[in-house]
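Spelled out from the first residue to the last, the chains are:
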Amino acid sequence: MAKGISKTYGIFVFVFVSVFSACRGFEGSELELLISVKSSINDQFGALSNWNSSVPFCKWNGISCSFDSSHVSKIQLPGKNLSGKIPESIFRFPYVDSIDLSNNQLSGEIPRNLSHCLSLKHLNLSSNNLTGAVPTGPPPLLETLDVSDNILSGELPADIGRLFPSLKVLDVGGNALVGRIPSSVANLTELEFLTLASNQFSGEILRNLAGMKRLRWVYLGYNNFTGEIPAEIGGLAALRHLDLVYNNFSGGIPPSLGNLTNLEHLFLYFNKLTGEIPKQIFDLEKLVSLDLSDNFFSGEIPELLKNLQNLEILHLFSNNFSGKIPKALSSLPHLQVLQLWSNNFSGEIPQDLGKGNNLTVLDLSTNNLEGKLPANLCASGRLFKLILFSNSFSGEIPADLSRCKSLQRVRLQKNRLSGELPPDFTELPRVYFLDISGNNLSGGIGDRRWDMPQLEMLNLANNKFLGPLPVDFGSQKLENLDLSANEFSGGIPVSFGRLSQLVDLKLGGNELSGRIPDQLSDCKKLVALDLSRNELIGEIPASIAAMPVLGQLDLSANELAGKIPSDLGQVESLVQINVSHNRHLRGGLPATAGFLAINATAVAGTRLCGGDEISGLPPCRGGRGGTARLRWLVLALLLAAVLVFGVAVLAARRRSGPVAKRVESEGGGGGWELQRANSKLARSITANDVVSAMREENLVASGKLGLSYVGKSSSNRKNFFAKEIAAAAPTAEWWGRWAHLSHPNVVKLLGICRSEKAAVMVYEYVEGKNLSEIMGGLNWDRRIKIAVGIARALKYLHCRCKPSVVVGEVAAERVMVDEREEARLRLSFNSYVDQGSKGPTRSSDVFGFGLLVIELLTGKNRADNAELGVGGGVVEWARYCYSDCHVEMWVDTAMKGDHQALADRQNQMVETMNLALQCTAGDPAARPSAADLLKNLESIVRPSSCVSAGFNKLFSATI
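All of these numbers come straight from a predicted model, not from anything done at the bench.

Enquirer: Quick question: what am I supposed to make of the overall build of the chain here?
Expert: The secondary structure content of the chain amounts to 20 helices and 57 strands. Taken across its 959 residues, the chain has 54% of its residues classed as buried. When contacts within the chain are restricted to residue pairs at least 6 apart in sequence, those whose partners lie at least 24 apart make up 53%. With an accessible surface of roughly 40000 Å², the chain has 51% of that area assigned to carbon and sulfur atoms.

Enquirer: I tried to follow the state of the cysteines on my own but got confused; where do I start?
Expert: Using the criterion set out here, one finds 3 disulfides in the structure. Each sulfur in the disulfide pair Cys58 and Cys65 lies 1.9 Å from the other. Around the S-S axis, the bridge from Cys58 to Cys65 shows a dihedral of about -95° and counts as left-handed. Classification of Cys58 by relative accessible area gives partly exposed; the value is 25%. What pairs with Cys609 in a disulfide is Cys620, and their sulfur atoms sit 2.0 Å apart. The sign of the S-S torsion, about 100°, decides the handedness of the disulfide formed by Cys609 and Cys620: right-handed. In this pair, Cys609 sits in strand β46 (residues 607-609) while Cys620 sits in the loop between β46 and α6 (625-666), placing the two residues 11 residues apart along the sequence. The buried category is assigned to Cys609, whose relative accessible area is 12%. Within the chain, bonded cysteines paired by disulfides and numbered along the sequence follow the pattern 1-2, 3-4, 5-6.

Enquirer: Help me out: how do you make sense of the packing of aromatic side chains in this one?
Expert: Aromatic rings in a pair are described by how distant their centres are and how their planes are angled relative to each other. For the coordinates displayed, the defined rule picks out 17 aromatic pairs. Both rings, one in Trp51 and one in Trp60, keep their centres 5.3 Å apart while their planes meet at 25°; by these two values the pair is stacked. What makes Trp51 buried here is its relative accessible area of 4%. Residue class for Trp60 comes out buried when judged on its relative accessible area of 2%. Between Phe321 and Phe345 the ring centres are 6.3 Å apart and the planes differ by 20°, which places this aromatic pair in the stacked class. With Phe321 in strand β23 (residues 320-324) and Phe345 in strand β25 (residues 344-347), this residue pair connects regions lying 24 residues apart in the sequence. Phe321 gets classed as buried once you look at its relative accessible area, which sits at 0%. Residue classification places Phe345 among the buried residues on the basis of a relative accessible area of 1%. Through a chain of ring-to-ring contacts, three or more aromatic side chains come together here, namely Tyr222, Tyr246, Phe267, Tyr269 and Phe270. The ring of Phe433 is capped by Arg409, whose NZ or CZ atom sits 4.0 Å from the centre of that ring.

Enquirer: Please clarify how the side chain of Asn510 should be interpreted in this entry.
Expert: Take Asn510: it is sitting in the loop between β38 (504-506) and β39 (511-515). Classification of Asn510 as buried rests on a relative accessible area of 7%. There is a polar contact of 3.4 Å between the side chain of Asn510 and the backbone oxygen of Gly508. Discounting residues that sit within four places of it in the chain, Asn510 has contacts with Leu483, Ser484, Ala485, Asn486, Glu487, Phe488, Arg533 and Asn534.

Enquirer: Which parts of the structure should I look at to understand unusual backbone geometry?
Expert: Apart from glycine, the bulk of residues carry a negative phi angle, and the bulk of peptide bonds sit in the trans form. You will see that Lys414, though not glycine, has its phi angle at about 60°, which is positive. Here the phi dihedral of His581 falls at roughly 55°; this positive angle occurs in a residue that is not glycine.

Enquirer: Even after reading the chapter, I still don't get the packing of helix α12 (residues 842-858) against helix α18 (residues 906-919), so can you show me in this structure?
Expert: Geometrically, a packed helix pair is captured by the angle between its two axes and the distance between the axes. In the contact formed by α12 and α18, the axes pass within 8 Å of each other and the chain directions differ by 150°. Here α18 runs roughly antiparallel to α12, going by the angle between their axes. In this structure, α12 meets α18 at a crossing whose hand is left-handed. Taking contact as the criterion, the partners of Val846, Phe847, Phe849, Gly850, Val853, Ile854, Leu857 and Thr858 in α12 are, on α18, Met909, Thr912, Met913, Ala916, Leu917 and Cys919. In the contact of α12 with α18, the residues fall into 11 nonpolar, 3 polar and no charged.

Enquirer: I tried to follow the side chain of His743 on my own but got confused; where do I start?
Expert: Along the polypeptide, His743 turns up in the loop between α9 (732-738) and β51 (749-754). By relative accessible area, His743 is classed as buried at 7%. Engagement of the side chain of His743 in a polar contact is seen with the side chain of Gln105, the distance being 3.3 Å. Among the polar contacts listed, one links the side chain of His743 to the backbone nitrogen of Asn745, at a separation of 2.9 Å.

Enquirer: Which parts of the structure should I look at to understand the sheet that holds strand β11 (residues 176-179)?
Expert: Where strands meet in a sheet, backbone hydrogen bonds hold them as pairs that are either parallel or antiparallel. Judged by pairing direction, the sheet is parallel, and its 4 strands sit side by side in the order β9-β11-β13-β15 without closing on themselves. Every other strand in the sheet has two partners, leaving β9 (153-155) and β15 (224-225) as the edge strands with one partner each. Across 2 bridges, strand β13 (residues 200-203) lies against β15 in parallel orientation. Looking at the pairing, Ser202 lines up with Asn224 of β15.

Enquirer: I keep staring at the nonpolar core and nothing clicks. Help me out?
Expert: Generally speaking, nonpolar side chains in soluble globular proteins are found buried as a group. With 169 residues, the main nonpolar core has Leu481 and Phe496 as its most contacted residues. Every element with two or more residues in this core is listed here: α2 (30-40), β1 (63-65), β2 (72-76) and α3 (160-163). It is α2 that contributes the most residues to this core, 3 residues altogether. Residues within four places of Phe496 in sequence aside, it is in contact with Leu469, Pro470, Val471, Phe473, Leu481, Leu505, Leu507, Leu520 and Cys523. Of all hydrophobic cores here, the second largest spans 56 residues; its members include Leu741, Leu794, Leu827 and Ala916.

Enquirer: What's the story with the environment of Asp171 in this structure? I'm lost.
Expert: You can see Asp171 is positioned in strand β10 (residues 169-171). Each C-alpha atom, one on Asp171 and one on Ser126, is 8.8 Å from the other, the two residues being 45 residues apart in sequence. Look past the residues within four positions of Asp171 in its chain and what remains in contact with it is Leu145, Asp146, Val147, Ser148 and Thr195. Polar side-chain contacts of Asp171 include one of 3.0 Å to the backbone nitrogen of Gly173.

Enquirer: Help me understand the sheet that holds strand β53 (residues 768-770), please; the structure alone is not making it clear to me.
Expert: Across the sheet, 3 strands lie side by side as β53-β55-β56; this open sheet has antiparallel pairing. At either end of the open sheet lies a strand with only one pairing partner, and these are β53 and β56 (823-825). Looking at each pair of strands side by side, their axes are set apart by 30° on average, direction ignored. As defined by bridge partners, β53 adjoins strand β55 (residues 815-818) across 3 bridges and the pair is classed as antiparallel. Within β55, the residue paired with Asn770 across the bridge is Met816. Relative to β56, helix α11 (residues 780-800) is tilted by about 35°, and along the sheet it contacts β55 and β56.

Enquirer: What am I meant to see in α2 here?
Expert: Count 3.6 residues to each turn of an α-helix, and residues three or four apart come out pointing the same way. Every buried residue of α2 is accounted for by Glu30, Leu33, Leu34 and Val37. Buried residues along α2 cover an arc of 100° about the axis, so they all sit on one side. Along its buried surface, α2 packs onto β1 and β2.

Enquirer: In this structure, what is going on with the environment of Ser346? I would like to understand it.
Expert: Within the secondary structure, Ser346 sits in strand β25. When its relative accessible area of 29% is taken as the criterion, Ser346 is described as partly exposed. For the pair Ser346 and Leu369, spaced 23 residues apart in sequence, the C-alpha separation works out to 4.5 Å. Apart from the residues within four sequence positions on either side, Ser346 is in contact with Gly323, Lys324, Ile325, Asn368 and Leu369.

Enquirer: Explanation requested: the pairing of strand β50 (residues 719-725) in the structure shown.
Expert: Residues in a regular strand project their side chains so that they alternate between the two faces of the sheet. In terms of burial, β50 is a largely internal element, 6 of the 7 residues being buried. With 6 bridges connecting them, β50 and strand β52 (residues 759-764) associate as antiparallel partners. Bridge assignment links Ile725 to a residue of β52, and that residue is Ala759.

Enquirer: Can you walk me through the confidence of the model for the chain in this structure?
Expert: Where the model shows low pLDDT, its predicted coordinates should not be examined in detail. With 82% of its residues at a pLDDT of at least 70, the chain reaches an overall mean of 82. The model gives residues 833-837 a pLDDT under 50, and that stretch makes 12 contacts with residues more than four places away or in other chains. Here residues 943-959 is modelled with pLDDT under 50, and outside its nearest four sequence neighbours on either side it reaches 58 contacts, counting other chains as well.

Reading the values: the criteria
- Residues numbered from 1 in each chain as written.
- Predicted model: local features only at pLDDT ≥ 70, side-chain atom pairs only at ≥ 80, totals over all residues.
- Heavy atoms only, no water.
- Helix = DSSP H or I, 4+ residues; strand = E, 2+ residues; numbered from the N terminus.
- Buried < 20%, exposed > 50% of the residue type's maximum accessible area, 1.4 Å probe, protein only.
- Contact = heavy atoms within 4.5 Å.
- Areas by Shrake-Rupley, 256 points an atom, 1.4 Å probe, with all protein chains shown as cover.
- Disulfide = S-S within 2.5 Å.
- Phe/Tyr/Trp six-rings, centres within 6.5 Å; stacked < 30°, edge-to-face > 60°.
- Lys NZ or Arg CZ within 6 Å of the ring centre and 35° of its normal.
- Polar contact = N/O pair within 3.5 Å; in protein donor to acceptor, adjacent residues only side chain to side chain.
- Axes fitted to C-alpha atoms, helices over the stretch in contact; angles between N-to-C directions.
- Parallel < 35°, antiparallel > 145°, perpendicular 65-115°, else oblique.
- Left-handed = near helix turned anticlockwise from the far one by under 90°.
- Nonpolar A, V, L, I, M, F, W, Y, C, P; charged D, E, K, R; others polar.
- Pairing = 2+ DSSP bridges.
- Core = buried A, V, L, I, M, F, W, Y, C linked by side-chain atoms within 4.5 Å.
- Arc of directions from axis to C-beta.
- pLDDT = per-residue confidence, 0-100.

Following this line, the structure appears as structure tokens:
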């Protein structure tokens, strides 16, 4: 005790501590308690390595002691990769006022003895895998309770207001809680921060909120709340953040919200709100962010907007607003982000917009706006996103935009812009996406300087540009180039062959002449090539057959001559071909599937022959021989395939029979040796159990690497999973590395059963289903949760295993989804230690993860290449969709039925697709590490605040 304390008070304290220590079940010293905590937690990476008697426990990692250094006052172990259950002993410390175990991998239920910690004020268990209910026996002095981002279920305690009398912070967001908000919440009169977001709460919001005068932050988004927004919220005078997004609120905005004079952030987007914005809202002079997007608001926006002088973000998009854009916007000095797209605004853009602002993002697309573009939009020098498409803007592109060096994404398509491009418009150093298609722009662009080093997508289609094509665009990153439907003339520059990243090239509908250059075949990533409706001559270059992923080829309406190169038929990815209206093309079609199934319209207006009836072409000279021989060849191949399949099925059936007979005749599994991992379940399994499992009635899957069975331990009747290995048995070195792996998102390997000629891998049995079987029935929340689980597994394997483990094939077939809907990645004998360029690498695992995420988003995988028309390029297809289509165009049709959920999670989907495309970058060095992708994915799933949630929308609302 501190010096100077009176003897009487010292005795009182001694008695007080002794009594309450006994009540709390306090056993032994604090040192013993700490050792008990350490022994109960799985500390795989040594975060608690100095927790031993050689060091005073007040100096142990994560431990702080009180002022006299004699008692534990704080236990702070966030982000230490701890796993296992939270030990009850951690709540037996008599003087602890703060416990932080956040951002670990702890599981199980929260211990029920929290009330024993009478000194505890701050408890943070967020970002773990905890299950069960919200604690109901909290310490009486508790001020902070953060159990967010776990898997807690059930309802909030009905008497929560009595249980937490001193609570200032309550965060239960990101769980699976249900039911209504208990009325006793209104009794939490000390509460300052209330977060119930990202659960499944329903019903109406409480109206008896009058006593919660200290509330500064209310975050109820991402739930199923209904009814009207209570007018009583207007009485919470201290409120600074109000976030009710992604719910089903209806009716109008209560005028009483205008009484929240301290309000800085108002987020009401993605609801069913109607009516006009009350004038009282424009009295909130401290507002920094106002987001009312994706509702059903109507009416005009008044000039009262000028009162919001602190406003930085204004999102009103996807509503029914009409009238003119207020001139008052030009007078808001801090305005950075203005998104009004998809409304019914008319008239001109205020001419001074941008002049007195700090604009970074401006999106006014899909309205009825007209007139000329203002010259001052980039006056701040910070504008990087300018989206004005689908309006009726006219006149020339302002020269000032050519000097806007901060621009990155420019979309001006589908307007009535005219004139030539400003002199410096083709030298914008940061622009990566430029679409000015569908206007009346004219003039030559071939002789001007192009210096756009970041350019990835350029669309100048449907204008009146003329003269020669540019020889160079100043970018080695160009992926999509569309110059179609203009008046370009001259030849196709051979320099186009140096566009090594090009995926889509469209030059159709011009006046191009000359031959198709052989150099185009150097574009090895090209998926779609459209040279139609020009004046090209000569033969089709045989070199086109060297383009490995070409899926769409349109050469129609030219003056091409000669025969179609036979090698072109060998391009397996080529599924859409159009050579029609080339009157000098002659000869037979190549004898491959892509040409045999060609449509009659794709070969009309030529002198070609052969093909099937569907082509409508006459037989080639030489009678029926060519076509007939081809049909016999196809038939023979089909018969051969059937025969091979039959033999394979027969072999598989025979394989299960002899093994079972061998067990019956040799009893104890003779000839088989089982090497077990060190776990209770593994020790209960015998070789006889494994071999007995390999019967036909236990067969659950037949993959390319062998058959899979479900077995049962004869000693405790526990199930296990057995998979035959079609290759040689694993070495002892391999087993030594793999046997110790343990992670909640990795299926645990229990053992290997060997014989002289075969081997079987034995895994823990996961009660659940394979991801590939159930994906079509999953909503987005379940899919993104699975993606996070797989990312956690990859981070563990790549970053925490020494040496790091490479999966080799990250695919839906390798993922089990258990009863808690947690993803469990199953390793196989084909999983490796990372060996760099010698085999699969961590980078290739990340690529596979990206492909799997694309499948989770779109429902498409490599097997759908023919449907997509991009050969082996599902990544290229996804990249195109991401850059040029709204979410509804590429999201999995299985998720489209739930319109509300699709609207609710649109931003997450866009950002997740962006991450998937980073993972599948062509250059392995450009792909994120497993640690980075997990960090990014988790930030997408759970924004750190209302503000970040609002900012997430800045970059993804318009694609």
